Amino acid sequence: MKTKVLSLLVALMACAFTLSAQENLKIGYTNADYVLSLLPEAKQIDADLKAYEKQLQNSMQAKYNDLQTKMADYQENAASWDDLIRTDKEQEIEALRQGIQKFSQDAEQSMAKKRNTLLQPVYEKIGTAIEQVAKENNYTHIFSAGAPGFDVLLYAREQDDVSDLILKKLGITPPAANGE
């Protein structure tokens, strides 16, 4: 009998705790990329990334032009060269091809690293604003939305979107909603 009463008491306490937890639950969501796109820093980051990408493309183009020149020289003169010179030129062309391929891979990694380096402080700033908005407005959870295929949020009411509050916290006036 005592075990039944004890079990019933534990079950009632669990139900009371669950109901209490549900009453205090407040969930919001935001799209960090949307917030980022409206920050003044976003334009500078975009310009910096484009300038860096242009530098990489110019270097790649110079390497490609060098390869084209060497290949044209090889095709034009290979018949007149002895085997030693022809073999040397073929190795030089192959080394240039491999160098271009490696540079291309390294450039992609370098571009990703540059993007992360530039965006990290801004995402930290947005993260701090999200945390402040959550605390000031008594949100228990803020989810991420807006990245198709990577949404952490599968459904939410529009009034729970805290993006405008975050923008205001960052000193940005949110754009007017459609239809207003």
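Residues numbered from 1 in each chain as written. Predicted model: local features only at pLDDT ≥ 70, side-chain atom pairs only at ≥ 80, totals over all residues. Heavy atoms only, no water.

Trainee: Whenever I open this one, the overall build of the protein confuses me. Can you help?
Mentor: Looking only at helices and strands, the protein has five helices and two strands in total. Its helices and strands taken in sequence order, the protein reads α-β-α-α-α-β-α from the N to the C terminus. Long-range pairs, those at least 24 residues apart, make up 79% of the contacts in the protein with a sequence separation of at least 6. Accessible surface for the protein amounts to roughly 13,300 Å². Of this, 55% is attributable to carbon and sulfur atoms. (Helix = DSSP H or I, 4+ residues; strand = E, 2+ residues; numbered from the N terminus. Contact = heavy atoms within 4.5 Å. Areas by Shrake-Rupley, 256 points an atom, 1.4 Å probe, with all protein chains shown as cover.)

Trainee: Is there a simple way to explain the confidence of the model for the protein in this structure?
Mentor: Reading predicted coordinates in detail is not appropriate for stretches of low pLDDT. Of all residues in the protein, 80% attain a pLDDT of 70 or more, and the chain-wide mean is 84. Within the protein, the lowest mean pLDDT, 46, falls on helix H1 (residues 2-23), and the highest, 96, falls on helix H3 (residues 40-77). This model gives residues 1-13 a pLDDT under 50, and the stretch forms zero contacts once residues within four places in sequence are excluded. (pLDDT = per-residue confidence, 0-100.)

Trainee: Can you walk me through the side chain of Asp160 in this structure?
Mentor: Looking at the secondary structure, you find Asp160 in the loop between strand S2 (141-144) and helix H5 (163-169). In this structure Asp160 touches Ile27, Gly28, Tyr29 and Tyr139, once residues within four positions along its chain are discounted.

Trainee: I would appreciate a short explanation of the packing of aromatic side chains in the present structure.
Mentor: Under the definition given, this model contains one aromatic pair. Ring geometry for Tyr74 versus Trp81: centroids 6.0 Å apart, planes at 55 degrees, classification tilted. For the residue pair Tyr74 and Trp81, the accessibility class agrees, reading buried in each case. Over the aromatic face of Phe103 sits the side chain of Lys63, whose NZ or CZ is 5.2 Å from the ring centroid. Above the ring of Tyr52, the side-chain terminus of Lys114 is found at 5.2 Å from the ring centroid. (Phe/Tyr/Trp six-rings, centres within 6.5 Å; stacked < 30°, edge-to-face > 60°. Buried < 20%, exposed > 50% of the residue type's maximum accessible area, 1.4 Å probe, protein only. Lys NZ or Arg CZ within 6 Å of the ring centre and 35° of its normal.)

Trainee: I tried to follow the side chain of Thr30 on my own but got confused; where do I start?
Mentor: Here Thr30 shows up in strand S1 (residues 27-30). If sequence neighbours within four positions are ignored, Thr30 has contacts with Val35, Ile130, Ile142, Phe143, Ser144, Ala145, Asp161, Val162, Ser163 and Ile166.

Trainee: I keep staring at the nonpolar core and nothing clicks. Help me out?
Mentor: Looking at soluble globular proteins, one finds that nonpolar side chains tend to be buried together. Counting residues in each nonpolar core, the largest one holds 24 residues, and the members touching the most others are Leu36, Leu39, Ile126, Ile166 and Leu170. When residues in this core are grouped by element, the largest group, ten residues, is from helix H4 (residues 83-136). With residues near it in sequence (within four places) discarded, Ile166 still touches Thr30, Val35, Ala129, Ile130 and Val133. (Core = buried A, V, L, I, M, F, W, Y, C linked by side-chain atoms within 4.5 Å.)

Trainee: I'm lost on the environment of Glu131 in this one. Help?
Mentor: Tracing the sequence through the fold places Glu131 in helix H4. Owing to a relative accessible area of 45%, Glu131 belongs among the partly exposed residues under this scheme. As a C-alpha pair, Glu131 and Ile142 span eleven residues in sequence and 8.5 Å in three-dimensional space.

Trainee: Can you help me understand the pattern of salt bridges in this one?
Mentor: Where charged atoms from two side chains of opposite charge approach closely, those side chains can pair. Scanning the entire structure with this criterion turns up eight salt bridges. For Glu41, the salt bridge is made with Lys125, and the minimal N-O distance between the two is 2.6 Å. Residue Glu41 is found in helix H3, and its partner Lys125 is found in helix H4; the two are separated by 84 residues along the sequence. A relative accessible area of 25% means that Glu41 is categorised as partly exposed. When the shortest N-O distance is used, the salt bridge between Lys50 and Asp46 registers 3.3 Å. (Salt bridge = Lys/Arg side-chain N within 4 Å of Asp/Glu carboxyl O.)

Trainee: I keep staring at H3 and nothing clicks. Help me out?
Mentor: The terminal C-alpha atoms of H3, which comprises 38 residues, lie 56 Å apart, in line with the 56 Å expected from a rise of 1.5 Å per residue. Within H3, burial applies to Ala42, Ile45, Leu49, Tyr52, Leu56, Leu67 and Tyr74. The elements touched by buried residues of H3 are helix H2 (32-38) and H4. (Expected span 1.5 Å × (residues − 1).)

Trainee: Whenever I open this one, H4 confuses me. Can you help?
Mentor: Since the α-helix turns once every 3.6 residues, residues separated by three or four places project in the same direction. In a regular helix each residue adds 1.5 Å, so 54 residues correspond to 80 Å; H4 covers 78 Å between its end C-alpha atoms and thus fits that length. Check the buried side of H4 and you find it contacts S1, H2, H3, S2 and H5. One side-chain oxygen of the residue at the start of H4 lies 3.1 Å from the amide nitrogen of Leu84, identifying that residue as Asp82. (Polar contact = N/O pair within 3.5 Å; in protein donor to acceptor, adjacent residues only side chain to side chain.)

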